[in-house]
Structures are given as C-alpha cells and as structure tokens.
Amino acid sequence: MTQRPLDRLIRPRTIAVFGGREARRVIEQCDLMGFAGEIWPVHPTLESALGRRCYRSVAELPDAPDAAFVGVNRTLTIEIISNLAARGAGGAVCYASGFSEAVAELADGAELQQALVAVAGVMPIVGPNCYGMINGLDGALLWPDQHGIIRTERGVAILTQSSNIAINLSMQRRGLPISYLMTAGNQAQTSLSDLAYAVLDDPRVTAVGLHIEGFGDIRALEALAIRARELKKPVVALKVGKSEQAQRATVSHTASLAGSDAVADAVLDRLGIGRVTTLPELIEALKLLHVAGPLESNAISSMSCSGGEASLMADAAVGRNVEFRALKEDQLPALRASLGQMVTLSNPLDYHTFVWGDLARQTEAFSAMFSGGYALNLLVLDFPRDDRCDGADWMVTVSAVAAAAKQTGARAGILATLPENMPETIAQQLIEAGIVPLCGISEALVAADIACSISRAWKRPSPLPLLSAPAQAGEMETLSEAAAKAELAASGLAVPRGKTAATASEAADCAEQLGFPVALKALGVEHKSDVGAVKLNLWDRNAVRDAAEGMGHVAHGFLVERMIDRPLVELIVGAVRDPVVGLTLTIGAGGILVELLDDSVILPLPVTKAEVVDRISRLKVRKLIEGYRGNPGSSLEIVADAVVSAAEYVVMNAARLEELDINPLMVLPESRGVIAADALIRRRR
C-alpha cells in the first residue's frame, strides 16, 4: 500500500478543522497569516466559528479537504481519520495524545496507534501527539497555538518531533526566514524524513533543519539525503543523545567504542548531513546555508577593529575544520595602503579604528581581504543599542562590506559576538543584500565547518545503501580464537601461523613444528590477559609446556602461534550491531591504547576502500602507521586492504553476526603487511 503524496497536506487550498478550542486557534492563526484558501470548521453543535459556517461531519463538507486538523480526543480521532480517508482528503494532523508515547500510562496506547494508521490507509497523517505544521510561504497553518513565523517568499524548512522545540524555534529573532515549520510527534505513519523529503521539492525551500530524537526509519533518512544531494539543498541535523551509551552487556572493546551517538555521527557524515549540537548552532548553520550555500573550502577570513575579537576568533577555530589561512602576498599592498603602517597584517585581522566611519577606505580594505580566495569572509561587528546610541558609523561599515562583496564576488558575513547585538531588522536587511548575519563566534565557526563538510560530502561518490540485515533469532555462540581466525583468513585477512592442541604436551609439540618463539593462548577464554591465559615470547619446548600447565585450569585447549615482530602500531577493528542502523565497523588505536587514547572512527556498512582510507587518515595513530620520527612505516592503503577484508566478512555474515573484535590488528613495516593477532566473533547459531 503506497501512501499518497504529501503535497495537498503541506500546501493546502482547503482546510477542515475538527474540535473546539484548538480548532478555533487554527482558524485564528490562518487568518493572522493571511491564508487565502477556504477553512471549513466541523463541530457537532456550533453553527459558526469565527464567521465561518460549521459543518456537522466529514460527509457534510463541500468537498474532500486538502488538509485537516483533528483536535479531538484520541478515540474520536480514529473515527474522523477513517471518514476523511474514505472521503479522499489530502491528509491530516492528529493533535491528540494518548497513543504509543503513553504506553506506560495507557495500556491500549500502542494498539490505538496501530488502529489509527490502519484507518488512515493511503491518506497521509502527521502525528499523533503533535501540533502540526506551519507553511510560512502560503500562510497555511494546521497549528493550534501562537508562533513567531512571518510570511516569507523563500526560506529554510525546520522539522522536529517536539512541538515545544518548534515553538521556541519559531520565536527566534536572528533573521532566519522559515518557509516550513513542522512537527512529527509519534511518527506513526509519516516520519520527519518523509516530511522533509516533501518540502525539499518546493523551489522556495533553500535548506532543511532536523531536530532528531531518534532516527526511526533509516531508509527514509537515506532517501532524504539522496534527494537533498540531487537538488543541492543542504540538510543539517541536531541529533540528541550524546550522553547515551549502549545499554547492553558487551564482551569487547569495539562495543564500548561504538556507542549509539558515535554511530549517529558516522551515519550523518556518510549521508552528507551536517550535525550540530545546539539550537543556536542549528539556526546559524541554516542561516549561512540559506544565504551562501555550502562552502567550497574551509578557508575563511576574519576582520575586526579589535585585537581582542581577533584572538577570540582564532581560539574558536581550534578543534574545528576551519582555517584562517594566511594572507596572500598580492593582498598585502592594498591592505597596507588602506589601513596604514600601524596595523599588523594577518588573518584574523585587527584593522584598528583608523578607517572607522570612512566608507571609501573601509571598502578598499575589505575588498583587499575578500580578494584572497576565502570561502567565507567574516567582519566582526556588534551593533549598538538603538535606544541610547547612534549606529550611523556601524551602517557605514555594513555598506562597505556590501560594496566589497559586490566588487569581488566573494561571500561575506557580518558576525555579532553577542546575539542580542545583531538586531533582527538589520539581519533581515543583510540577508536581502546577500550578506550572512551571524550571531556568536562559536556558532558562526560551527556553521562554516558544517557548510564546508556538506560541500565535501557532495563531491564524494554517492554512498552505498546502508546494510540492511536484521538479526536472526537463535542462541548466541562465541567462536574460539582459532575458529574466528580461520574464518577471517578465509576472507583474506592475514593471521599468524598457528596450531591448536588439546594438552600441554601437544602444545609443546606444535611449538616445535612452528618454530620458536611462539605465543600460547588458552582457548575458550574471552579476556585472556585478565586471567593469565596468554603467554608471549616462549623460546623452547619446556617453556611452552610449563605455560600450558599453568593455564590449564581455565583452558579448553590451546592455540600456539608464531610470534609476530614488534609492530609499528596496534589497531582495533570490529563490528557491533546498532539497534537502528545495524552492523557498523569501528577502527581505532588498539592494544593497550584502547584505554589510553580516544582515537577511533566508525563506518556504517558496507564500505569502499576510499572511505576506509579517508577514516584511517583521521586517526591520531596515522603518524605511527606512516612512520614516526624516523621509524619505518607502512601505508594507509595496505591497512585499508586489511580493514576492507574484515568489513567484507561482516557484510557476508550480517544475518548471524552480532559482534566482531580484532584487537590487536598489528601493522608491520610495509613489506610485511598487516596481521590480526587476536579475534573474537559472536554470532547466532
């Protein structure tokens, strides 16, 4: 059963409203926004509502409405939705609560939600348990409360599960034009991604912002990312959950590294969706993308008439993928001529106050800076209070920025260090002039980082579809290290030469056959080093036999392996199953460095070698891989080949596999390759 398109619901010409107070508020808000279509109130007893005739039922309506706001109790909601679907309505917002979000209080909540979806059939419904939506382009609202949206001809769309977050965002005074504001509530039928996909096709929408509490339908998110890339309309997400940890027992380091938030980060990065962590960052990123679009590089410039502000800008870039690239030689003469000898020419640049209030000299200086090929040129400028100050000189600076941007064709932004120092009216004027009005130094640099990351993602080949392999039912088993290594070796991953033995004497025989030195490991023990179940660098038969006898009380047999030479670095490569995304791959510093370094990256599956090389290059231990301080090195390509082999094993066994942990994966000098020194595999029988 294919759901009908959302077009009629989100851009209605006729709206039916059901209920009392909430329905009346919907009419009020439509009138305030100048909705030009028809509104049909439905009420069992009232004759009229706000000058409009009331109808008694869906059957009495003049026609099937494009959109309906259903603001009645939860049981009556199902009846009305059923009638609307039968009449051929374009869609409905379900305001009532008491569905799946309330199962702890209402035993029938989940059952009622299933019934709601069933009666809706192919008719789109939003919610339940949500406020609905505001179309700020056409003045059409299915919204039972006050809000801060003003009509606009083009702007960003913002979508959230939380109605209160939506209201708060609507009240922003930072100049961000909002085309659509939508809440999804329980997402019983229509997800945030579905709504976002629908609004993307509106040519008046410039970018999309998502406030995500849970991914829900990952396929819908993938489809949204693909469509956004096709239309060149960036998407930014505020995904909550950074403090959340995987709530399940684990037996490997991989599982502890791949917490749900880290997986969310990796998925959004793969899909080319920018991620922010606060609502102010979301607003500023959307504002930058609305005006300037994605940035071609991470090189930005900054000018201010204060050394203090220049220092704040430089410090805020630490840890961000933005670069205050040094000035070019051909910029210096024009800057020196316009600013004088007392100014130190640098980026960020403190241009002092010698040119303050001088339109011609400011324009010359700003043009010289803007000609440096930066992706974004920022001018730090906090506007004065208009109730006690004269802002004329500040507007001269605005005019100079506008003139310099026009003269050079460069992207420019004016940044107020404090958001209250960027008046909304000035922000709106700047946007009309093609200048980005930004609020807050940290938020502005986050926005630049996001805009650059989206541009980079769009330049990469389109990502492969995420691995879809729901876990099979069945008893869990943990393979012995020998069995795990045998399976990995069959997939192309190098493992040490080894043999298994049942007794201490057999272990000594195996060691002589392999050649000394050897490593001895007890089979059937998961954390071997914790219980003395692994011994390294054994050089003779007696040492092997004695070591085996010493660990015999915990061993279910022995694995004897040739010792591996000292590696350049030890890595960890593993996979765990995320409840939403499925199996994901983790790569990071391994061995004892797992506890000492926060140095890992996550890759959703499947992966390409290029993706693996890109992620490995982000690790701190990359320097050790490539040779550090005169030590011999390997190459990222060779390491990537080994990681890809592990990834292919995971993909091929995705239905049964629950966890893979290769720790350590030893990186040897280039001519000797990469070897999996230890491996754990947990899977369903």
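Here the structure is shown first, and the text comes after it.
Quick look at the structure, then. (Residues numbered from 1 in each chain as written. Predicted model: local features only at pLDDT ≥ 70, side-chain atom pairs only at ≥ 80, totals over all residues. Heavy atoms only, no water.)

### What about helix H9 (residues 260–271)?
- In this model, H9 (12 residues) spans 17 Å end to end at C-alpha, consistent with the 16 Å of a helix rising 1.5 Å per residue.
- Within H9, nine of the 12 residues are buried, which leaves it mostly tucked inside the rest of the structure.
- Residues Ser260, Asp261, Val263, Ala264, Ala266, Val267, Leu268, Arg270 and Leu271 constitute the buried set of H9.
- Among the residues trailing H9, Gly272 stands out with phi positive, at a value near 75 degrees. (Helix = DSSP H or I, 4+ residues; strand = E, 2+ residues; numbered from the N terminus. Expected span 1.5 Å × (residues − 1). Buried < 20%, exposed > 50% of the residue type's maximum accessible area, 1.4 Å probe, protein only.)

### Regarding the sheet that holds strand E2 (residues 38–42)
- Strand order in the open sheet formed by five strands is E2-E1-E5-E6-E7, with parallel pairing between adjacent strands. Since the sheet does not close on itself, it has two edges, and those belong to E2 and strand E7 (125–126), each with one partner.
- Relative to E7, strand E6 (residues 92–94) runs parallel, the two being bridged by two bridges. Opposite Val93, over in E7, you have Val126 as the bridge partner.
- Each of strand E1 (14–19), E2 and strand E5 (67–71) is contacted by helix H2 (residues 21–33), which is oriented at about 150 degrees to E1, the strand it contacts most. (Pairing = 2+ DSSP bridges. Contact = heavy atoms within 4.5 Å. Axes fitted to C-alpha atoms, helices over the stretch in contact; angles between N-to-C directions.)

### Remarks on the nonpolar core
- In this structure, Met133, Leu159, Val208, Leu210, Leu221 and Val236 are the most contacted members of the largest nonpolar core, which totals 104 residues.
- Counting residues per element, this core draws most heavily on helix H16 (residues 441–459), at 10 residues.
- Contact partners of Leu210, with chain neighbours within four places excluded, come to Leu159, Ala196, Leu221, Leu224, Val235, Val236, Ala237 and Leu238.
- In this structure, Leu488, Leu603, Val613 and Val674 belong to the second largest nonpolar core, which totals 44 residues. (Core = buried A, V, L, I, M, F, W, Y, C linked by side-chain atoms within 4.5 Å.)

### Quick word on helix H19 (residues 541–550)
- Those residues of H19 not exposed but buried are Val544, Ala547 and Ala548. For H19, the angular spread of the buried residues around the axis is 100 degrees, confining them to a single face. Away from the buried face of H19 by more than 90 degrees, exposed residues Glu549 and Gly550 are located.
- Of the surrounding secondary structure, the elements contacted by the buried residues of H19 are helix H18 (504–514), strand E22 (518–522), strand E23 (534–538) and strand E24 (558–562). (Arc of directions from axis to C-beta.)

### Quick word on the packing of aromatic side chains
- Per the counting criterion, the structure on display carries six aromatic pairs.
- A ring pair is formed by Tyr351 and Phe366, whose centres lie 5.7 Å apart and whose planes are at 75 degrees; its orientation type is edge-to-face. Of the two residues, Tyr351 sits in the loop between strand E16 (349–350) and helix H13 (359–370) while Phe366 sits in helix H13, which places them 15 residues apart along the sequence.
- Tyr351 sits in the buried class, given a relative accessible area of 1%.
- Among the aromatic residues, ring-to-ring pairing joins Phe69, Tyr95, Tyr131 and Trp143 into one connected group.
- In this structure, Arg325 packs its charged tip against the face of Tyr374, placed 4.3 Å from the ring centre. (Phe/Tyr/Trp six-rings, centres within 6.5 Å; stacked < 30°, edge-to-face > 60°. Lys NZ or Arg CZ within 6 Å of the ring centre and 35° of its normal.)

### Considering the pairing of strand E12 (residues 205–212)
- Burial analysis of E12 places eight of its eight residues in the buried class, which makes it a mostly covered element.
- Pairing of strand E10 (residues 155–160) with E12, which is carried by five bridges, proceeds in the parallel orientation. Each bridged residue has a counterpart across the sheet, and for Gly155 the counterpart in E12 is Val205.
- With five bridges joining them, E12 and strand E13 (residues 235–239) adopt parallel strand pairing. For Ile212, the partnering residue across the bridge sits in E13 and is Lys239.

### Brief notes about the environment of Leu523
- Relative to the helices and strands, Leu523 resides in the loop between E22 and E23.
- When its relative accessible area of 9% is taken as the criterion, Leu523 is described as buried.
- For the pair Leu523 and Leu479, spaced 44 residues apart in the sequence, the C-alpha separation amounts to 9.5 Å.
- When residues no more than four places from it in sequence are discounted, the contact partners of Leu523 are Ser480, Glu481, Ala482, Thr500, Val554, Ala555, His556, Gly557, Phe558 and Leu559.

### A look at the sheet that holds strand E21 (residues 498–501)
- Spatially, E21-E24-E22-E23 is the arrangement adopted by the four strands of the open sheet, whose pairing is antiparallel. With one partner strand each, in any of the chains shown, E21 and E23 form the two edges of the open sheet. On average, each strand axis in the sheet is inclined to that of its neighbour by 20 degrees, with strand direction left out of account.
- As paired elements, E22 and E24 share five bridges and run antiparallel to each other. Residue Ala522 lies in a different strand from E24, and its bridge partner there is Phe558.
- Sitting on the sheet, helix H17 (residues 481–490) touches E21, E22 and E24, and the angle it makes with E24 is about 50 degrees.

Purely geometric numbers; function is a separate question.
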